[in-house]
Amino acid sequence: MKYTVREEGGYTVLELTGEVDLSCSPEARKQILLCLDEKRNLLVDMSRVNYIDSSGVASLVEGFQTAKKRNLKFGLVGVSGSAMSVLQLARLDKVFPIHLNVQERLKADG
Amino acid sequence: MATTAPRTPVIEIENLVTHYGRRQILHGVDLTIYEGEIMIIMGGSGSGKSTLLRFLLGLGRPTSGSIRMLGKDITQASPMEMHELRKNMGVAFQGGALLSSMTVGENVQLPLREHHGHLDEKTMQIMARLKLEVVNLGGFEDLMPSQLSGGMIKRAAVARAIITDPKMMFFDEPSAGLDPVVSAELDELILRLRDAMRMTIVVVTHELQSAFKIADRITVLDKGRILMTGTVQEVKASDNDRIQSLLNRRVSTEEIHAEEYLERLTMEARTP
């Protein structure tokens, strides 16, 4: 897994690339919590994620809950078919704010 | 519900022969199971299906033959290699096999602590809760196994088996002892796991209704030999008497082999 961080429309966008599995999800978690520690609104761009396992999903869950507690905005964008299947299995597609891309999220924010 | 057969082999069994004491249980089993496939191993009592599962789990050395899993022959694997391979295997045992002194949540987290201790405590807790949600046991993590019903124990065992998102999942008689509604729920869960996680799933069962509902292919074992491997339609259409007996629940009218029977009872070899 690789990641990049960029700023866009008032959000920090954490773009993950590759496989988010047990071996690297601790790094994804660290980056998510780091952004939130710095009080930044966060979007996780998953358009380049071809596989995410439960440990990766758990990191997203923890991130979302942390953002809520700190009154920060959080969301997922570009969730691929396989990642969506994993989210749907635990009905998390009904929990996370999910948008096609950053622009769609910004539009939804108004 | 046959789907387009995926073609990457995950489990390749070749000419597997096993004995229990002097008694031969499996007589040269050949079977290939592909990625993302739900393979049902079906057969009556004494057919060898539980024995086959035991060897698939690496719980014994066969007399001869090989079992390649993800390309590795487990009949030749060292304990360390087997330990690595088991990270990719989930097993839901017939009786659940939950540890009675641990809460449901602790039971579910057990494979993570065994294989993936580098994960953050919070990650492990959320993963366990996620899996309990998947099996419809959300919020039950603090209960003890003794406080669960039979169906709940089975589902908790499934949650534990899938906690590491294994590539291969083995179910031993998932429907045994469950009422039809709970049993149907478990079938649905098996299908969802395959579809969402692309798991390769092996189910040992004698429950026909369940087998026909979830199988991509079925292997019918009888007296340690494979009678046939095929889709649900192919198995139903088989003109093999033994298969039809199994499907129609007819009592086997096989003749007793007197000498072998007597030998088994007395455990004495026949005089040459």
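Our structure's up above, just so we're on the same page.
Residues numbered from 1 in each chain as written. Chains lettered and ligands numbered in written order. Predicted model: local features only at pLDDT ≥ 70, side-chain atom pairs only at ≥ 80, totals over all residues. Heavy atoms only, no water.

### Some thoughts on helix H2 (residues 54-69) of chain A
Along its 16 residues, H2(A) runs 22 Å from first to last C-alpha, staying within 8% of the 22 Å computed at 1.5 Å per residue. Along H2(A), 12 of the 16 residues are buried, which leaves the element largely enclosed by surrounding structure. Of the residues making up H2(A), those classed as buried are Ser54(A), Ser55(A), Gly56(A), Val57(A), Ala58(A), Ser59(A), Leu60(A), Glu62(A), Gly63(A), Phe64(A), Thr66(A) and Ala67(A). Residues of H2(A) that are buried make contact with strand E2 (11-20), helix H1 (25-37), strand E3 (42-52), strand E4 (74-77) and helix H3 (81-89) of chain A together with helix H4 (121-134) of chain B. Where H2(A) ends, the next residue or the one after it, Asn71(A), has phi of about 55°, a positive value. (Helix = DSSP H or I, 4+ residues; strand = E, 2+ residues; numbered from the N terminus. Expected span 1.5 Å × (residues − 1). Buried < 20%, exposed > 50% of the residue type's maximum accessible area, 1.4 Å probe, protein only. Contact = heavy atoms within 4.5 Å.)

### A few points about the packing of H3(A) against helix H6 (residues 180-197) of chain B
Packing of H3(A) against H6(B) brings their axes to within 8 Å, and their N-to-C directions diverge by 150°. Classified by the angle between their axes, H3(A) and H6(B) sit roughly antiparallel to one another. Each of Ser85(A), Val86(A) and Leu89(A) in H3(A) lies in contact with H6(B), whose residues at this interface are Arg192(B), Leu193(B), Ala196(B) and Met197(B). (Axes fitted to C-alpha atoms, helices over the stretch in contact; angles between N-to-C directions. Parallel < 35°, antiparallel > 145°, perpendicular 65-115°, else oblique.)

### Some points on the environment of Ala83(A)
All names here are of chain A. Turning to its location among the elements, Ala83 is positioned in helix H3. Given the relative accessible area of 0%, Ala83 is considered buried. C-alpha separation for the pair Ala83 and Ile52, spaced 31 residues apart in sequence, amounts to 5.9 Å. For Ala83, the contacting residues outside a window of four places in its chain are Met46 and Ile52.

### Quick word on the environment of Val77(A)
Residues and elements named next belong to chain A. Mapped onto the elements of the fold, Val77 is located in strand E4. Judged by relative accessible area, Val77 falls into the buried class, the value being 1%. Put simply, Val77 and Glu15 are 62 residues apart on the chain and 9.3 Å apart in space, counted from C-alpha to C-alpha. Residues in contact with Val77, not counting those within four places in the same chain, are Leu43, Val44, Asp45, Met46, Ser47, His99, Leu100, Asn101, Val102 and Arg105.

### Concerning the sheet that holds strand E5 (residues 98-99) of chain A
In a beta sheet, neighbouring strands are held together by backbone hydrogen bonds and run either parallel or antiparallel to one another. All names here are of chain A. With mixed pairing, five strands are arranged side by side in an open sheet as E1-E2-E3-E4-E5. Unpaired on one side and paired on the other, strand E1 (2-8) and E5 mark the two borders of the sheet. Strand direction decides the pairing type here: E4 and E5, joined by two bridges, are parallel. Directly across from Leu76, in E5, lies its bridge partner Ile98. Packed onto the sheet, H2 meets E2, E3 and E4 and runs at close to 170° relative to E3. Set on the sheet, H3 makes contact with E3, E4 and E5; between it and E3 the angle comes to about 105°. (Pairing = 2+ DSSP bridges.)

### Here's the deal with the packing of aromatic side chains
All names here are of chain A. The full count for this structure, using the stated rule, is three aromatic pairs over all chains. Here Phe64 and Phe96 contribute two aromatic rings whose centre-to-centre distance is 5.5 Å and whose plane-to-plane angle is 35°, an arrangement assigned as tilted. Placement of the pair is Phe64 in helix H2 and Phe96 in the loop between H3 and E5, with a sequence separation of 32 residues. Residue Phe64 is classed as buried on the basis of its relative accessible area of 11%. (Phe/Tyr/Trp six-rings, centres within 6.5 Å; stacked < 30°, edge-to-face > 60°.)

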